[in-house]
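Summary of structural features
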Amino acid sequence: MTLGSQDLERLDQLFCSMQDANACFLGYPFAKDFKYEPLWRFLKFTGNNLGDPFEPGTYRVNSHAFEREVVDFFAQLFRAPDRGFWGYITNGGTEGNIYGLYLGRERYPDGVAYFSRDSHYSVSKAVRLLRLEYAVVDSQSHGEINYDDLARKASGGRNRPALIVANIGTTMKEGRDDTSRIRAVLRDVGVREIYIHADAALCGPYAPILSPKPPFDFEDGVDSVTISGHKFLGAPMPCGVIIARKSNVQRVLRAIDYIGSSDTTLSGSRNAYTPIVLWYAIRCLGIVGIKRMFDQCERLAAYTCDELNARGVGAWRNPYALTVVFPPVEEAIKAKWQIATQDVSHVVVTPGTTKDQLDTLIEAIADTGR
Ligand SMILES: Cc1ncc(COP(=O)(O)O)c(C=O)c1O
């Protein structure tokens with residue numbers, strides 16, 4: 001396979017434009033500064049992790065062994081029951097949310113889904129895909145679910161099981177729902193059967209080390225947790241992790257002769273490269289490295305918030321959040337820095353975000369107000 005010179009030139013142009021865009025995005029929670037060069041050699045294989053990572057299969061050009069180690073790492077981090085958990089590497093947080101709600105629906109086929117208005121759009125996609133009855137619950141101004149509204153909405157369906165998607169870091173404000181309080185509210189209104197899926201897309205890797213730790217893991221009573229791998233840890237392509245209770249996964253399992261394994265995952269063919277990337281990240285970092293990276297990002301987030309406020313821009317952030325929220329920025333700033341904007345704008349200080357980038361943005365935002 002060889003390319004003509006025009007096509008080669010187009011590739012070079014695409015590379016330059018992606019490189020330029022990569023140098024100035026601040027509005028999406030994607031880590032920037034990762035170095036996975038030792039893993040590039042794996043790209044020459046048709047790696048495919050099809051099948052269940054915990055079972056041998058016919059196709060062996062896979063990274064199941066590394067995938068299992070990543071799953072084990074997050075299962076421990078999320079205090080999953082010993083030998084009572086299962087998981088796999090997904091294409092990202094969206095797949096994790098669909099999978100979590102799928103397990104919930106199979107556990108409680110007549111369940112009603114509840115999630116807050118501030119949930120990621122993948123959650124409403126999941127309930128539509130799964131044809132779940134659902135209610136959208138109001139949020140508080142800082143992004144956390146409104147427990148009174150949850151009580152109101154759930155009391156209407158008190159005779160039906162509740163399938164909850166709890167946000168452990170909402171997309172725009174990094175608001176965190178309290179899964180213990182959600183459970184208490186549901187019990188108080190008479191809901192007896194509850195499945196809780198925690199969407200910890202960004203915060204999953206660092207939420208367990210926060211003090212106080214937000215209640216969102218298996219010992220806090222959740223049934224599945226998902227994270228995105230490319231958000232905090234960083235990856236050159238989207239990926240995520242889902243951890244779930246094994247008993248719920250066994251309900252959806254089908255044995256497939258064609259692959260010589262069980263079909264437990266959402267996709268058939270699955271990426272074999274991203275499990276190696278995530279394995280590499282957690283082996284290099286460990287918990288200590290994750291904490292160090294979080295502390296650096298948090299210091300910069302606090303700095304950004306303070307500097308914007310000092311210039312008269314009403315910025316704020318949730319406790320221990322890497323997301324700094326401020327009034328919507330104007331189009332030119334939004335376009336240049338790729339700032340996600342709804343009713344508010346935000347910056348997410350992920351690993352690899354530099355003080356120089358933030359200073360330039362802070363000045364640009366302050367200038368528009370002058
Ligand atoms: C809270 C939350 N959940 C889920 C997702 C979806 O994750 P992904 O883009 O990895 O599919 C996002 C993405 O921003 C998110 O912020």
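Source: prediction; values computed, not measured. Here, residues in each chain are numbered from 1, in the same order as that chain's written sequence. Since the coordinates come from a predicted model, pLDDT governs what is reported: local features require at least 70, and pairs of side-chain atoms require 80 or more to be given and counted, while whole-chain, interface and lining totals use all residues. The basis for every side-chain value is the complete set of non-hydrogen atoms in the structure, without hydrogens or water.

1. Topic: the domain arrangement of the chain
- The split of the chain into domains comes from an automatic or database domain assignment. If you check the domain split of the chain, you get domain 1 (5-35 + 296-369) and domain 2 (41-282).
- Relative placement of domain 1 and domain 2: their C-alpha centres are 27 Å apart.
- Contacts: residue pairs with any heavy atoms within 4.5 Å of one another. If you look at the interface, domain 1 gives 24 residues, while domain 2 gives 21 residues.
- Here the buried area means the combined drop in accessible surface, using a 1.4 Å probe, for two parts upon being joined, counting both sides. Buried area between domain 1 and domain 2, both sides added, is near 1600 Å², and the carbon and sulfur share of it is 63%.
- When the buried area of domain 1 at its contact with domain 2 is split by residue, Phe34, Asn318 and Tyr320 rank highest and sum to 30% of it.
- Basic side-chain nitrogens of Lys or Arg form a salt bridge, by our definition, when they fall within 4 Å of a carboxyl oxygen of Asp or Glu. Where domain 1 touches domain 2, the interface holds one salt bridge.
- Where aspartate 343 meets lysine 173, a salt bridge forms, and the shortest distance between an N and an O atom there is 3.8 Å.
- What qualifies as a polar contact is a pair of N or O atoms within 3.5 Å, subject to a donor-acceptor requirement within protein and to the restriction that residues adjacent in sequence count only when both atoms come from side chains. In this structure, the connection of domain 1 to domain 2 is made through ten residue pairs in polar contact (both at pLDDT 80 or more).
- In this text, helices come from DSSP runs of H or I with a minimum length of four residues, and strands from runs of E with a minimum of two, each type numbered from the N-terminal end. Among the secondary structure elements, those contributing two or more residues to the side of domain 1 that touches domain 2 are strand S10 (323-326) and strand S11 (345-348).
- For the side of domain 1 that touches domain 2, the leading source of residues is S11, giving three residues.
- Partitioned by chemical class, the residues of the side of domain 1 that touches domain 2 number 15 nonpolar, seven polar and two charged. Residues are grouped as follows: nonpolar covers Ala, Val, Leu, Ile, Met, Phe, Trp, Tyr, Cys and Pro; charged covers Asp, Glu, Lys and Arg; every other residue, Gly included, is treated as polar.

2. Quick notes on the nonpolar core
- Note on terminology: a nonpolar core comprises buried Ala, Val, Leu, Ile, Met, Phe, Trp, Tyr and Cys residues joined through side-chain atoms within 4.5 Å. Summary of the burial criterion: residues with accessible area below 20% of their type's maximum are buried, those above 50% are exposed, and those between are partly exposed, where the area comes from a 1.4 Å probe applied to protein chains only. In terms of nonpolar packing, the biggest core is built from 82 residues, with Phe74, Ile164, Phe232 and Ile243 touching the most fellow members.
- Beyond its immediate chain neighbours, meaning those up to four positions away, isoleucine 164 contacts Tyr114, Leu150, Ile182, Leu186, Ile194, Tyr195, Ile196 and His197.
- Counting residues in hydrophobic clusters, the runner-up holds 21 residues, among them Tyr108, Ala113, Val127 and Val249.

3. Some thoughts on the layout of surface pockets
- There is about 1000 Å³ of room inside the largest pocket.
- Ranked by the residues each element gives to the lining of the largest pocket, the list is headed by helix H1 (residues 5-23), at eight residues.
- In terms of residue class, the lining of the largest pocket is built from 19 nonpolar, five polar and three charged.
- When residues of the lining of the largest pocket are assigned to domains, at least three fall in each of domain 1 (5-35 + 296-369) and domain 2 (41-282).
- Considered as a void within the structure, the second largest pocket measures approximately 680 Å³ in volume.
- Forming the walls of the second largest pocket are 35 residues, and the residues nearest its centre are Pro29, His120, Tyr121, Thr171 and Lys231.
- Within the residue set of the lining of the second largest pocket, elements represented by two or more residues are helix H3 (93-107), helix H4 (121-129) and S11.
- By residue class, the composition of the lining of the second largest pocket is nine nonpolar, 19 polar and seven charged.
- For the lining of the second largest pocket, the domains that each give at least three residues are domain 1 (5-35 + 296-369) and domain 2 (41-282). Of the grid points, spaced at 1 Å and generated over the protein atoms alone, those admitting a 1.4 Å probe that cannot get out make up cavities, while open sets with protein on both sides within 12 Å along at least five of seven lines make up pockets; any residue with an atom within 4 Å of a point is treated as lining. Grid points are joined across faces, edges and corners, and a volume is the space filled by probe spheres set on the points.

4. Here we look at the sheet that holds strand S5 (residues 194-199)
- Strand pairing requires that DSSP identify at least two bridges connecting the strands. Here seven strands make up an open sheet; going across it, the order is S1-S7-S6-S5-S4-S2-S3 and the pairing mixed. Of all the strands in the sheet, the pair left with one neighbour each is strand S1 (85-90) and strand S3 (133-137). Within this sheet the neighbouring strands show an average axis-to-axis angle of 15°, counted without direction.
- Judged from the five bridges that link them, strand S2 (residues 112-116) and S3 form a sheet pairing that is parallel. Each bridged residue has a counterpart across the sheet, and for alanine 113 the counterpart in S3 is tyrosine 134.
- Fitted lines through C-alpha atoms serve as axes, helices being fitted only where they are in contact, and the angles separating the N-to-C directions of these axes extend from 0 to 180 degrees. Of the strands in this sheet, S1, strand S4 (162-167), S5, strand S6 (224-228) and strand S7 (240-245) are in contact with H3, which crosses S5 at around 175°.

5. Remarks on the packing of H3 against H4
- Orientation of H3 relative to H4, taken along the N-to-C sense of each, is 40°, at an axis distance of 9 Å. Of the possible angle classes, the one that applies to H3 and H4 is oblique. The handedness of the crossing between H3 and H4 comes out as right-handed. Packed against H3, whose contacting residues are Thr94, Asn97, Ile98 and Leu101, the element H4 presents Ser122, Val123, Lys125, Ala126, Val127 and Leu129 at the interface.
- For the contact of H3 with H4, the class distribution of residues is six nonpolar, three polar and one charged. For classification purposes, an angle smaller than 35 degrees is called roughly parallel, one larger than 145 roughly antiparallel, one from 65 to 115 roughly perpendicular, and anything else oblique. Rotating anticlockwise by less than a right angle from the far helix to the near helix defines a left-handed crossing, while the corresponding clockwise rotation defines a right-handed one.

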